[in-house]
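Report on the structure
The residues making up each chain are set out below.
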Amino acid sequence: MKQFFIAALVASTAHATASEIEWVTVSDPGNPPDKTGYGAVAYEFQISKFEISVKQYADFLNSVAANDPHQLWYGERKINRVGGPGAFRYEVQAGEENKPVTFISFLDAMRFANWKHNGEGNGDTETGVYDIAKHDGLTPKAEHAKVWIPSEDEWYKAAYYQPESKGGPAGGYWLYPTRSNEPPAFRELGVDQGNSARFENFKVREKIGGGAGSYTFFPCGSYPNSASYYGTFDQGGNLWEWNAGIVFETKRAIRGGSGAHSVEKLRSTVRSNASPQKRYPDTGFRLARPVPANVPEVSATEVTK
Amino acid sequence: MKIALSLLTLLSGSAAASSVELVKKLEPMFEKHCVNCHDAEEKKGGLDLSSLTWAPDDTENLQQWIKVFDKVHQGEMPPKKRDQPVPDLKATFVATLKHELHRVSIEKQTAQGRVVYRRLNRNEYVHTIQDLLGIDTALHELLPEDTTAGGFDNIGAALNVSQVHMERYLQAAELALNEATVTTPRPETTRIRTDYEETWHDWNAPGFQNGTWTHSPEGFLGIRWNGHNGPHGELGAWKPQLPDAHYRFRIRAKAMIDKVGPNAAAADKTRPDRAILLKMALTDWPRTGLTFGNTYAEMSATEFREFEYVARVPAGKTLWLSPYRTVPEKPDERAMVGGICAVIEWVDIEGPLFEQWPPLGHQRLYGDLPMQPANPKTPTRDLRVVSSQPEADAKGLLTGFLPRCFRRPVSDAEVEEYVELFKQQLQLGKPFDQALRVAYKMALCSPDFLFLHETVGALDQYALANRLSYSLWSSAPDEALTALAAQKKLTDPAVLRAETERLLSSPKARRFTEGLLGSWLNLRDIEFTQPDTKLYPEFEQYLQQSMVSETELFFEDLLKNNLSARNIVHSDFSFLNERLAEHYGIFGVKGDTLRKVALPADSHRGGFITQGAVLKVSANGTTTSPVVRGAYVLDRILGTPPDLPPKNVPAIEPDIRGATTIREQLEKHRSQPVCAGCHAKLDPPGFALENFDVTGRWRQNYRAIPESAKDKVVTIPGSDIRHYTKGPLVDAAYNLSDGRTFKNVDEFKQLLLANPEQLATCVTEKLLTYLTGATPQFADREVIEAIVAKSKEHDFGIRTILHEVIQSRCFTHK
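Residues numbered from 1 in each chain as written. Chains lettered and ligands numbered in written order. Predicted model: local features only at pLDDT ≥ 70, side-chain atom pairs only at ≥ 80, totals over all residues.

1. A closer look at the overall build of chain B
Note the following rule: Secondary structure counts use DSSP, requiring at least four H or I residues in a row for a helix and at least two E residues in a row for a strand, with both numbered from the N terminus. Counting other C-beta atoms within 10 Å of each residue's C-beta, where C-beta atoms are placed from the backbone, gives the exposure class: buried for 20 or more, exposed for 12 or fewer, partly exposed between. With C-beta atoms placed from the backbone, a contact is any residue pair whose C-beta atoms sit within 7 Å.
Secondary structure assignment for chain B yields 29 helices and 19 strands. Split into buried and exposed, the 814 residues of chain B put 44% on the buried side. Long-range contacts, defined as pairs at least 24 residues apart, comprise 72% of the intrachain contacts of chain B with a sequence gap of at least 6.

2. Overview of unusual backbone geometry
Cis geometry marks the peptide bond from W285 of chain B to P286 of chain B; its omega dihedral reads 5°. Here P286 of chain B is to be found in the loop between β6 (276–284) and β7 (291–299). Residue P358 of chain B is reached from W357 of chain B by a cis peptide bond, and omega for that bond is -5°. With respect to the helices and strands, P358 of chain B occurs in the loop between β10 (340–353) and α10 (360–366). Phi angles above zero are rare outside glycine, and D68 of chain A is one such case at about 55°. Its location among the elements puts D68 of chain A in the loop between α2 (54–64) and β3 (79–82).

3. So, the interface of chain B and chain A
Across the boundary between the two partners, chain B contributes 17 residues, which contact 22 residues of chain A. Going through the elements one at a time, β2 (190–194), α7 (197–202), α8 (206–212) and β3 (213–215) of chain B are the ones with two or more residues in the side of chain B that touches chain A. The dominant element in the side of chain B that touches chain A, judged by the number of residues it contributes, is α8 of chain B, at 4 residues.

4. Things to note about the sheet that holds strand β1 (residues 23–26) of chain A
We count it as follows: Note: two strands are recorded as paired if DSSP finds a minimum of 2 bridges between them.
One open sheet accounts for 3 strands, arranged β1-β2-β9 (chain A); its pairing is antiparallel. Two strands bound the open sheet, and with one partner strand each, they are β1 and β9 (288–289) of chain A.

5. Details of the sheet that holds strand β8 (residues 283–284) of chain A
Residue and element names in this part refer to chain A. Here is the rule: Fitted lines through C-alpha atoms serve as axes, helices being fitted only where they are in contact, and the angles separating the N-to-C directions of these axes extend from 0 to 180 degrees.
Pairing within the open sheet is mixed, and its 4 strands lie in the order β7-β6-β5-β8. Unpaired on one side and paired on the other, β7 (272–274) and β8 mark the two borders of the sheet. Where strand β5 (residues 240–247) meets strand β6 (residues 251–255), 4 bridges bridge the pair, whose relative direction is antiparallel. Across the sheet, the residue bridging to I246 is R252, located in β6. Here helix α4 (residues 152–160) sits on the sheet in contact with β5 and β6, set at roughly 140° to β5.

6. Let's talk about the packing of helix α3 (residues 59–73) of chain B against helix α4 (residues 87–112) of chain B
Residue and element names in this part refer to chain B. Inclusion rule: Working rule for handedness: look at the near helix, and if it is turned counterclockwise from the far one by less than a right angle, call the crossing left-handed; if clockwise, right-handed. Under the grouping applied here, Gly and all other residues not named as nonpolar or charged are polar, the nonpolar ones being Ala, Val, Leu, Ile, Met, Phe, Trp, Tyr, Cys and Pro and the charged ones Asp, Glu, Lys and Arg.
Contact geometry of α3 with α4 gives a least axis separation of 10 Å together with a crossing angle of 150°. Pair α3 / α4 crosses with left-handed handedness. Every residue of α4 that contacts α3 at L62, W65, I66, F69, V72 and H73 is listed here: K90, F93, V94, L97, K98, L101 and V104. Across the contact of α3 with α4, the residue classes break down as 10 nonpolar, 1 polar and 2 charged.

7. A closer look at helix α5 (residues 122–133) of chain B
Residue and element names in this part refer to chain B. Short version of the rule: How far a helix is expected to stretch is found by multiplying one less than its residue total by 1.5 Å.
For α5, which comprises 12 residues, the first-to-last C-alpha distance of 17 Å matches the rise-based estimate of 16 Å (1.5 Å per residue) to within 8%. Summarising burial for α5: 11 of the 12 residues are buried, a large majority. Those residues of α5 that fall on the buried side of the exposure criterion are R122, N123, E124, Y125, V126, H127, T128, I129, D131, L132 and L133. In the core, the buried residues of α5 are packed alongside α6 (163–180), α10, α11 (390–406), α13 (432–444), α15 (461–472) and α18 (510–520). Positive backbone phi, at 60°, marks G134, one or two positions downstream of α5.

8. A short note on the environment of P537 of chain B
Structurally, the position occupied by P537 of chain B is in the loop between α18 and α19 (541–560). It is 9.0 Å that separates the C-alpha atoms of P537 of chain B and Y724 of chain B, two residues lying 187 residues apart in sequence.

9. Some remarks on the packing of α18 of chain B against α19 of chain B
Two packed helices can be described by the angle between their axes and the distance between those axes. Residue and element names in this part refer to chain B. Here is the rule we go by: Our angle categories are set so that under 35 degrees counts as roughly parallel, over 145 as roughly antiparallel, 65 to 115 as roughly perpendicular, and the remainder as oblique.
Packing of α18 against α19 leaves a shortest axis separation of 10 Å and a crossing angle of 115°. Relative to α19, the element α18 lies roughly perpendicular. Crossing hand, α18 versus α19: right-handed. The residues of α19 that touch α18, namely those facing T513, E514 and L517, are T551, E552, F555 and E556.

10. Let's talk about the environment of D282 of chain A
Residue and element names in this part refer to chain A. You can see D282 is positioned in the loop between β7 and β8. Given 23 C-beta atoms within a 10 Å radius, D282 is considered buried. On a C-alpha basis, the gap between D282 and V101 in space is 8.8 Å, while along the polypeptide they are 181 residues apart. Among residues more than four places away in sequence, those in contact with D282 are T102, Y215, L239, W240, S258, G259 and A260.

11. A word on the environment of D83 of chain B
Residue and element names in this part refer to chain B. Among the structural elements, D83 can be located in the loop between α3 and α4. Residue classification places D83 among the exposed residues on the basis of 10 C-beta atoms within 10 Å. The spatial distance from the C-alpha of D83 to the C-alpha of G134 is 67 Å, given a sequence separation of 51 residues. Apart from residues lying up to four places away in sequence, D83 is in contact with H33 and P78.

So this is what it looks like as structure tokens:
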């Protein structure tokens, strides 16, 4: 009971300041890779606890897209655009604020990272972490980036790793990002005995609403007892997430499965991909950054223990 | 007396003296043994000899007389139960009529030739234009289907030319010239690696994504079986960089049985380590679910394997990959489709591929003339061939092109006609390349291109080269053959023989196999019927392709090794892959490659007549008919086509409910005297093949559609296929019209093998028909008999027969 209470408190606190990105620290530098070849990271870093939310993306649009020369607004994202060119404003549809933002291309995510890197406000979206000029979505991040789209190893470690010496499985990697080698369950909101995730399950979806073939997602962090070892939420399910891995020279990697797909997509072995320009109704992102000075090394998982 | 009068009447005139002699010789036989049944009152078999005049210039009349001759010569007439003519009487009749029929036929051949001035058929047209311009554009669909004669689609007398033909020839020539003409610098050949992940995201429909696709334990995307034509295998996230060019796809894939997906219940019956066929094809994008250029390869369930698929990819098409079926391993085990997946690790795509640049066709059309962009602002597209001396260049190019196009030397005057045409276009303001293309287009639509030019008598060197080339390659002579014609060496029998060997050794000789068997065995119609999915649910495209390949490889082996014509009825080998072997109940053949396999003694297989493709084209999609199959065997295997059925006699409709066997129905039918005569010949070969169903599968019992829920539906161990009930037992026993009996197809084949001359004669007739573009005429009979006699020295070897046909006067003369 105590665990539930603390976890719920952590989650509700996060949602209360939704436009601020919350971070967790991914420690244990120098960890070995998984048998898939991914996951080894030689340094500490931080990764956002939740997928970037609709509200956070709307803040971004309101900062940089009054004219929207890069066509960052996409009508399907639960964000309404009002006003005329030069004075566009972006309003989140009621009840969608804390849900993860969808229809994000890798290029969109790069621009969001540039904006964050450049201090938000009217910060540049075209340079900083990534040089967008080529529009191929393949440029690497700048060496001293303050924030970036996680590398595939960073994303993978944050999702699946727990050192064997700290209670993790043999080899240190879970199959699912809920600290489990067993498939998570798709449960209704407010019900989470642990190892839960939002993936496609027709019977449960009928209960929560949303017909067959629809894309309905839960607010970020809706399963407070199903975080990864480092305290991230929803790296399995809810939305597919871009990472900076390059696939077949022209594409970027996507991992984690989504609320539109079956549970096996949440496995560490599943590595999807798409062209960086593509926007999908079930694909979003999260960010990474260096560990700031004097940050206590406490993860959500450790809090709930 | 009535007969004699009519003969006398018709023979009076120029041949009056000999006609009197003819009448005297034929009259006794007619009077004594024929007119009782074949007069105006009885008219048995529809033949009234009293009104049959002698008018051999009339084709129908001539055929009637040939029929009379054959019936008497072969001993069918007078009927066995009637008084038989004394030997001298019959001999005189046969010799007299034979002499007269031969005389008439040879005179006609001498005066007109035996082959009608004929155009290229659709296949020949397409191959010729493709070879000429170095393209492989699909032109078949543009042209009307050819009419056939005697089952063959290259018979001059049947190949008409209509207004529609001319319109289509113009369209086809335009398209072919467009395809051959380069308008860009050489496109870069690239190699990319991709997979189905992006395509899968692009589907944008969760229900479909989950039902049709899965991920393997290794994390790679697995394509589920979703109906043989259900849309699911399209690589939508790729499109050809340059449409209508060749691309090489390398695919790394593995088989997987998916017990989670929509077919999980069926998959439960399947071991997880089953090999599965991978279907590789092209398909439409956006998706339609239709595929073409299908090929199949076997995926392992235990390791990833690499497969290669090379195809010309038109605009709007993309790659299709899907699982097709499991590969059975045990007797009585059938293919499964439930739960099968093709796990795709990656797809490498290399292309566009070019053998040379500019391509062959462009070089033939424009030589080395320079190219310039039509618009300087777009230097890499809309390039046009230009000339600083248009008339001279056009003349030079046409002088080179027209002999290739017309397949013979072309005079300066002929070239000048096309140069004039070019100049007119130039004067009308057309740029050099477009004006030249008008001249080329006219050449491709001229009779010089569209027709084979042969003059009465012995063929000239170029006509002979064309006949040989169109026989074996369905296309124009190559440079070597043309050179021999130019040197006037081709009429030398040894040279002709050597060239025959050379052409047969070329990959283009596959067109001979396909063209010949398409007509002879009617394999052209393999797609004409689709086996009923309730009665024959196991039938599928891969099996059908394997069947056709079996028959083609089998024929090529007979030809390559000069094996006996006996093999068309029975052989101790065939060409099988695992799928086809399983269909035949033969186990131990592994993999998807067809290879020569020794047939088990009890397999009931061997020879054309027990091959799946032949058994399929001789049946409809639901049932077999001994009548249809009997007619097929009589015509195409024994060379004795049956008479057409009498009018006003309804066809027999087999009872697919299984209540009445076809034997019972036919016995009732044969009780009618008007039917009995023909059916005595038709039914035996048909019944001999009754143990083979419409898919060529061996059956002990007929299959029937269940009529009620109480009917027991057949379940086959290890299979998810069961839609039919077990019908009555098959009874294949019968007797030939001469009284010899057989119990099954094995005994029937032995009876046919007793007369190898007949089989060799049939092979000779079919080859003669295909190679010359004309059905055998009466005067050809002596040629055919000589060829068969010659081939007997080589056990009726097929290659011997082919060479003898090509060396014969029928081939070397118009």
